[in-house]
Amino acid sequence: GGIDSTMIAIALKKTSRKKIETFSIGFDNHIYDESEKSLKISNILGLKNNILKMHENDMIELVDKLPEIYSEPFADSSCLPSILLSKFSKNKVKVCLSGDGGDELFGGYNRYTLTEKMWNVLKIFPLPLRKLLKNILINLDDEKKKIISNLFLKKYSEKNQKLEKFFDIIDTKNKLDLFKDILTKSKNSFNLVNLENKDNLNSDNFNKYPSFTENMMFHDTKFYMQDDILCKVDRSSMFYALETRVPFLDYELFSAAWQIPLKYKLNKMILKDIIN
């Protein structure tokens, strides 16, 4: 139902002579459910859409299988729908195309715009003042916190979690630390594992590209996409002998994407223009 998968579907529709089917997972929670969007897009393109609704019991039953599927601890909860979707797709096809990589290459994650905007506001106020404000806010009673969350976080369903996150980043020292705080729930997360021979998100190795946003995209491409996203899709699909391919990571496309000026690809602007 998103930009990336839509691009893949359009390209496949134009180049394949075979009957194309699309597969997607639906959820009871409408906030996360994109099945209606995927159905609409498939209908527009003339593709047969297959939707599997995922329920709470499905997730519970899958937990015991995770060690067998991933062979190691794997904490990304989206692996659960990925596993179900792989099993569901394998019933009809042997190979699937996935839109993974589009967010990292074309600036699709909210943090690429949020980090800059939030830091531009935070840096206006001296750090000691922000630390004082944080101490005041975290000690408010639940009723006052509820008032604040309803006032400033109207569009979010998980207001309490967003509010706690806001409290957590108020005393951020610099933009790089803010990026770390946005990535994780714990300020100590990056100290839990010794990332030997890896970029451990410090200022010395976070300057490959001129802009901070492009360095965020590069870091996500090098680590998050490789160690989480691709790992998740590959192992969940191969467990059911389903082959998956990621067209966005085609070498020529990948190389070309990194040569496009940031202003044209942030928030997937160039992909949206192509679709329109």
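**Details of the pairing of strand E2 (residues 48-54)**
Piece 1. As paired strands, strand E1 (residues 21-27) and E2 are joined by seven bridges and run parallel to one another. Bridge pairing in E2 places Gly26 opposite Lys53.
Piece 2. Handedness of the crossover joining E1 and E2 through helix H2 (residues 35-45) is recorded here as right-handed.

**Digging into the packing of helix H5 (residues 79-90) against helix H12 (residues 212-238)**
Piece 1. The contact between H5 and H12 brings their axes to 8 Å, and the two run at 40°. Between H5 and H12 the crossing geometry is right-handed. Contacts between H5 and H12 involve Cys79, Ser82, Ile83 and Ser86 on the former and, on the latter, Lys232, Ser236 and Ser237.
Piece 2. In terms of residue class, the contact of H5 with H12 is built from two nonpolar, four polar and one charged.

**Comments concerning helix H8 (residues 127-138)**
Piece 1. Under the 1.5 Å per step criterion, the end-to-end length of H8 is 16 Å for twelve residues, consistent within 8% with the ideal 16 Å.
Piece 2. Turning to H8, its buried residues number three or more, namely Arg130, Lys134 and Leu137. Looking straight down H8, one finds that the buried residues subtend no more than 70° of arc, so they occupy a single side.

**Topic: the packing of helix H11 (residues 175-183) against H12**
Piece 1. Packing of H11 against H12 leaves a shortest axis separation of 12 Å and a crossing angle of 40°. By the criterion of interaxial angle, the relationship of H11 to H12 is oblique. Like other packed secondary-structure pairs, H11 and H12 cross with a definite hand, here right-handed. Facing Lys175, Leu176, Phe179 and Leu183 of H11, the residues of H12 in contact are Phe212, Met216, His219 and Asp220.
Piece 2. Of the residues belonging to the contact of H11 with H12, the class tally is five nonpolar, one polar and two charged.

**Structural notes on the environment of Ser236**
Piece 1. Among the structural elements, Ser236 can be located in helix H12.
Piece 2. Counting along the chain gives 166 residues from Ser236 to Tyr70, while the straight-line C-alpha distance between them is 7.5 Å.
Piece 3. Apart from residues lying up to four places away in sequence, Ser236 is in contact with Ile69, Tyr70, Ser82, Ile83 and Ser86.
Piece 4. At 2.8 Å, the side chain of Ser236 and the backbone oxygen of Lys232 are in polar contact.

**A few points about the nonpolar core**
Piece 1. Of all hydrophobic cores here, the largest spans 20 residues; its most connected members are Leu105, Phe106, Tyr112, Phe206, Phe212, Met216 and Phe248.
Piece 2. Of all elements in the fold, only helix H1 (3-15), H11 and H12 reach the threshold of two or more residues within this core.
Piece 3. Looking at this core element by element, the count peaks at five residues for H12.

Thresholds, definitions, all that
Residues numbered from 1 in each chain as written. Predicted model: local features only at pLDDT ≥ 70, side-chain atom pairs only at ≥ 80, totals over all residues. Heavy atoms only, no water. Pairing = 2+ DSSP bridges. Helix = DSSP H or I, 4+ residues; strand = E, 2+ residues; numbered from the N terminus. Right-handed = clockwise from strand over helix to strand, strands pointing away. Axes fitted to C-alpha atoms, helices over the stretch in contact; angles between N-to-C directions. Left-handed = near helix turned anticlockwise from the far one by under 90°. Contact = heavy atoms within 4.5 Å. Nonpolar A, V, L, I, M, F, W, Y, C, P; charged D, E, K, R; others polar. Expected span 1.5 Å × (residues − 1). Buried < 20%, exposed > 50% of the residue type's maximum accessible area, 1.4 Å probe, protein only. Arc of directions from axis to C-beta. Parallel < 35°, antiparallel > 145°, perpendicular 65-115°, else oblique. Polar contact = N/O pair within 3.5 Å; in protein donor to acceptor, adjacent residues only side chain to side chain. Core = buried A, V, L, I, M, F, W, Y, C linked by side-chain atoms within 4.5 Å.

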